[in-house]
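If you want the building blocks of each chain, they are given just below.
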Amino acid sequence: MTLLDPRALEGAEPVEAVDACFLPQLDDAELAALEWTTRRVGDVPLRGPVVTPALVEVLCERLLRAQAEVLADRPVMEVLETVGRVVARWSDPDLPQRRTAEQLLPRITGYAPDMVRRGLRDHLRTFRRDRLLRFLAQDFDNPLVLDGFQPNRAGGLSRAYGPRLTTQVFAGNVPGLPAWNLVCALLVKSATLGKSAGAEPLFPVLFAQTVAEEDPGLGRCLAVVHWPGGAEDVEQAAFARSDAVTATAGLRATESLARRVPVGVPFVPYGHKVSFAVVGSEALALTRYAETARRVARDVSQYDQQGCLSPHVVFVERGGAVDPRAFAAALAAEMDRYEQARPRARLRLEEDAAVTAVRAQYELRSYDDPGVQVIASSPGTAWTVVVEERPERFAPSPLNRVVRVHPVDALEDVVPLLLPLRHHLQTAGVACAPERLDAWASLLGRCGVDRVCAVGQMPQPAAGWHHDGRGSLAALVRWTDVEGAAETEVERYDPEWTRPSHPPDAGGRR
């Protein structure tokens, strides 16, 4: 396995392909016997094996063996401490894997280097030791249920078992996301066969390398390879040997996977979701509106809205010191500043055409409708703010820093627009007075929102959040209960009471 020396990349093209796979289960001879292929993502050549059902069968067999040998009986707190040390290593700017990520991921994804650097740093903070404790506490009243049977509220005992092996389909739209999948699996003592994304296959490999360096045993419980999505023979081999399958992917991909995961094998999909922001009149005070606009601009611009946590729409309450149109202008100015500091990734032709089409649609409407206004970068499509006073529906953005601003009189006006999308809503960023937060959260929750946070924090969910409305760890485990009555009844079979009575002695005494 070759980890490219980051110093070789500074100011120069890589001189050799980078291995975009992690396969500690195979020895050198087995690796040499594989068929290898190199493909270019961005301007980086990435090398990986051609994944076949036979290779997957071997990997699954060895991952299951490693899980049984080094993970199944390891105390959960020991696993947590190891993961915490791995994440602490990523806080070191000189960590070779971090340097490689910061240098290659911008070239692979097209994201600005500073955005990748800050994004990785902020994302990985989520998995620091203290945050991992919150992960466990959020999903388990007593995390020791992952180690053995513990008393439950029903009067008996319960134990949680993670999958022995989980096949995980990673996302590639936002660098660093696979860390979430890998960490969650380790905390429930599951080995992972990871399918990396075609758009960004490198980060999970780098993260797995640091796990192996910190704890070679845990490293043997991780494998990361890439195969084309929809390769049914490969996925059939993986799913048949896995106790669970997770996927962070688009709607069509998750639907396709759901049809092919065997009955009885839990499937945990994290499909496409949309998010939005709500700005209350209090956040439009003369001393606050500019900061609010800056925070919303960051939420919109981070990773060019490619993540489910990025807002597509901003609802702005009328009645503040600054009206919604002035706020939209401030938002546009802040998005322009963000663009200057962290330019948007280069778009494909179809992506640029989609942004241009939305702009043209609203510019045409603005001639006859005074309630419509387009504020946009020029030249180019770097960012777009559309003001629409009377939207017919919640229209998802074409992404790539296009956001609609809808003025409203009150939060209740938002409800009819949200309900048709209630199965696809993710995060609501809010900016309002403290006394309104509870009522807003209750209303948004009833509409289908599963996360409410402050504007400016939308791309960084807190540790232990209920991803897509469910526990990240709880979704992976199954439970075994020992009923309280069983504990009582087995007393009848205690050998002390079932042994034959002692024969009488000479005096007739027993």
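Residues numbered from 1 in each chain as written. Predicted model: local features only at pLDDT ≥ 70, side-chain atom pairs only at ≥ 80, totals over all residues. Heavy atoms only, no water.

Draft legend 1. Expanded view of the sheet that holds strand E1 (residues 18–19). Strands sit in the order E1-E3-E2 across an open sheet of three strands; the sheet is mixed. In this open sheet, the two strands that pair with only one neighbour each are E1 and strand E2 (36–41). The pairing of E1 with strand E3 (residues 44–49) spans two bridges and is classified as parallel. By the bridge assignment, Asp19 is partnered in E3 with Arg47. (Pairing = 2+ DSSP bridges. Helix = DSSP H or I, 4+ residues; strand = E, 2+ residues; numbered from the N terminus.)

Draft legend 2. Inspection of the environment of Phe267 at higher detail. Residue placement: Phe267 occurs in strand E10 (residues 267–270). Sequence spacing of Phe267 and Thr167 is 100 residues, and the spatial spacing of their C-alpha atoms is 9.7 Å. Sequence-distant contacts of Phe267, defined by excluding residues within four places in its chain, comprise Val245, Ala247, Thr254, Leu257, Ala258 and Val261. (Contact = heavy atoms within 4.5 Å.)

Draft legend 3. Highlighting unusual backbone geometry. Residue Ser378 is joined to Pro379 through a cis peptide bond whose omega torsion reads -5°. Checked against the element boundaries, Pro379 lands in the loop between strand E13 (372–376) and strand E14 (384–388). Of note in this structure, Tyr303 is not a glycine but carries a positive phi near 50°. Inspection of the secondary structure puts Tyr303 in the loop between helix H12 (289–301) and strand E12 (311–317). Even without a glycine there, the phi angle at Asp304 is positive, about 55°.

Draft legend 4. Main features of the pattern of salt bridges. Under the definition given, this model contains 40 salt bridges. In this structure, Arg107 and Asp43 form a salt bridge, with 3.3 Å as the shortest nitrogen-oxygen distance. Residue Arg107 is found in helix H4 (residues 96–109), and its partner Asp43 is found in the loop between E2 and E3; the two are separated by 64 residues along the sequence. The exposure class assigned to Asp43 is partly exposed, which follows from its relative accessible area of 26%. In this structure, Arg436 engages Glu282 in a salt bridge whose closest nitrogen and oxygen atoms are separated by 2.8 Å. One end of the pair, Arg436, is in helix H16 (residues 434–446); the other, Glu282, is in the loop between strand E11 (274–279) and H12, with 154 residues separating them in the sequence. Judged by relative accessible area, which is 22%, Arg436 ranks as partly exposed. (Salt bridge = Lys/Arg side-chain N within 4 Å of Asp/Glu carboxyl O. Buried < 20%, exposed > 50% of the residue type's maximum accessible area, 1.4 Å probe, protein only.)

Draft legend 5. Just the packing of helix H3 (residues 76–90) against helix H6 (residues 129–139), in detail. Their axes nearest at 9 Å, the elements H3 and H6 cross at an angle of 140°. When the axes of H3 and H6 are compared, the pair comes out oblique. Seen along the crossing, H3 lies across H6 with a hand that is right-handed. Contacts from Val76, Met77, Leu80, Glu81, Val83 and Gly84 of H3 reach H6 at Arg129, Leu132, Leu133 and Leu136. (Axes fitted to C-alpha atoms, helices over the stretch in contact; angles between N-to-C directions. Parallel < 35°, antiparallel > 145°, perpendicular 65-115°, else oblique. Left-handed = near helix turned anticlockwise from the far one by under 90°.)

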